[in-house]
Amino acid sequence: MADHKNPPVGIWQNVKPFINGGASGMLATCVIQPIDMIKVRIQLGQGSGIHVARSMLREEGLGAFYKGLSAGLLRQATYTTARLGSFKILTNKAIEANDGKPLPLYQKALCGLTAGAIGASVGSPADLALIRMQADYTLPQTQRRNYKNAFHALTRIVTDEGVLALWKGAGPTVVRAMALNMGMLASYDQSVELFRDTIGLSEASTVVGASAVSGFFAAACSLPFDYVKTQIQKMQPDAHGNYPYSGSLDCVVKTLKAGGPFKLYTGFPVYCIRIAPHVMMTWIFLNQIQKVQEKIGL
């Protein structure tokens, strides 16, 4: 009997990091979605966070804050499942190659970069649907796409623009994800070692403290890439069929000419408030999921 039970256990151990990562990301998104909506509209030039929130509530109602939630959940089910699962697998393999010793920071950063690229490649279609659904209300009535949900958005994109259009803006998406995950994943593991092993904090304090550090570095590393990604994904052709940017590099150059380097950090306070709590809650939810699994023998 033992021989028959070993293969499923091995499969579960390989699949578990991916399932846990996706579940924790989706739970965090349910809480963070309203702040994410405000962040996108600030980047689209609709004013300050308070002004955007008041306008959305007055003109569109409470439901506007959760517009695009289905795409957000789909993004987490693809992107976060792939990146957190990949990071766990990569770091475990690296630790084995390192004779069980803790990894140096640069190796954790490399694992984070790789995991971010994998996750972004898998999650780019859902990310495109999310950005378009969130930005739709800001467009003129005649240009709105009026997607009903994430799956409707993906179907329309394939029908109207072709399958490859699902990866429109994938270049800046992948680069942004690599920067974010290098900051998020490497700093979390490093902070856990510092808080738990060096300082001697409790498990709860270690998770919260490391999550906060992770959130800060994720936001600091990724905002310029997020700004460019958003601009590329939301752009519409003019009357002659020309797009405002030919690519991510062109977007960076034109943005720097128009507003200087700080233009790339448009919406930084709200972005930081959105990214850091999402990262923190993702880690906290992940920790709680793992504890429940340990209690029930998984």
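This text follows the structure it describes.
Just so it is clear, the model here is predicted, and its values are computed rather than measured.

**As for the overall build of the protein chain**
Argument step 1. Each helix and strand in the protein chain was counted, giving nine helices and zero strands.
Argument step 2. For the protein chain, the sequential pattern of α-helices and β-strands runs α-α-α-α-α-α-α-α-α.
Argument step 3. On C-alpha atoms alone, the protein chain measures out to a radius of gyration of 20 Å, which is about the 19 Å that the 2.2 N^0.38 rule sets for 298 residues.
Argument step 4. Projected onto its principal axes, the C-alpha positions of the protein chain cover 65 × 45 × 35 Å.
Argument step 5. Across the 298 residues in the protein chain, those meeting the buried criterion constitute 46%.
Argument step 6. Partitioning the contacts of the protein chain with sequence separation of at least 6, the portion at a separation of at least 24 is 78%.
Argument step 7. With an accessible surface of roughly 14,500 Å², the protein chain has 65% of that area assigned to carbon and sulfur atoms.
Argument step 8. Taking the average place of the 29 positive charges on the side chains of the protein chain and the average place of its 18 negative ones, the gap between the two points comes to 5 Å.

**Section: the nonpolar core**
Argument step 1. Counting residues in each nonpolar core, the largest one holds 25 residues, and the members touching the most others are Leu 180, Met 184, Leu 185, Ile 275 and Trp 283.
Argument step 2. Of all elements in the fold, only helix 3 (69-97), helix 4 (105-135), helix 6 (170-199), helix 7 (203-234) and helix 9 (268-295) reach the threshold of two or more residues within this core.
Argument step 3. For this core, the leading source of residues is helix 6, giving eight residues.
Argument step 4. For Leu 180, the residues in contact, after removing those within four places along its chain, are Tyr 79, Arg 83, Ala 218, Ser 222, Tyr 271 and Ile 275.

**Comments concerning the state of the cysteines**
Argument step 1. Evaluated as defined, the whole model comprises zero disulfides.
Argument step 2. The thiol of Cys 221 is unpaired, and the distance to the nearest cysteine sulfur, on Cys 272, comes to 11 Å.

**Some points on the pattern of salt bridges**
Argument step 1. Under the counting rule described, the total for this entry stands at 10 salt bridges.
Argument step 2. With its nearest N and O atoms 3.1 Å apart, the salt bridge here joins Asp 160 to Arg 156. In this pair, Asp 160 and Arg 156 are both assigned in helix 5 (residues 150-161), four residues apart and thus about one turn of the helix distant.
Argument step 3. With relative accessibility at 52%, the residue Asp 160 sits in the exposed group.

**Digging into the side chain of Thr 206**
Argument step 1. By secondary structure assignment, the location of Thr 206 is in helix 7.
Argument step 2. By relative accessible area, which is 4% here, Thr 206 ends up buried.
Argument step 3. Here the side chain of Thr 206 touches Ser 202 through a polar contact of 2.8 Å, landing on its backbone oxygen.
Argument step 4. Thr 206 has contacts with Val 192, Phe 195, Arg 196 and Leu 201, leaving out every residue within four places of it along the chain.

Here is what the cut-offs are and how they apply
Residues numbered from 1 in each chain as written. Predicted model: local features only at pLDDT ≥ 70, side-chain atom pairs only at ≥ 80, totals over all residues. Heavy atoms only, no water. Helix = DSSP H or I, 4+ residues; strand = E, 2+ residues; numbered from the N terminus. Rg over C-alpha atoms; globule rule 2.2 N^0.38 Å. Buried < 20%, exposed > 50% of the residue type's maximum accessible area, 1.4 Å probe, protein only. Contact = heavy atoms within 4.5 Å. Areas by Shrake-Rupley, 256 points an atom, 1.4 Å probe, with all protein chains shown as cover. Lys, Arg positive; Asp, Glu negative; His and termini not counted. Charge placed at Lys NZ, Arg CZ, Asp CG, Glu CD. Core = buried A, V, L, I, M, F, W, Y, C linked by side-chain atoms within 4.5 Å. Disulfide = S-S within 2.5 Å. Salt bridge = Lys/Arg side-chain N within 4 Å of Asp/Glu carboxyl O. Polar contact = N/O pair within 3.5 Å; in protein donor to acceptor, adjacent residues only side chain to side chain.

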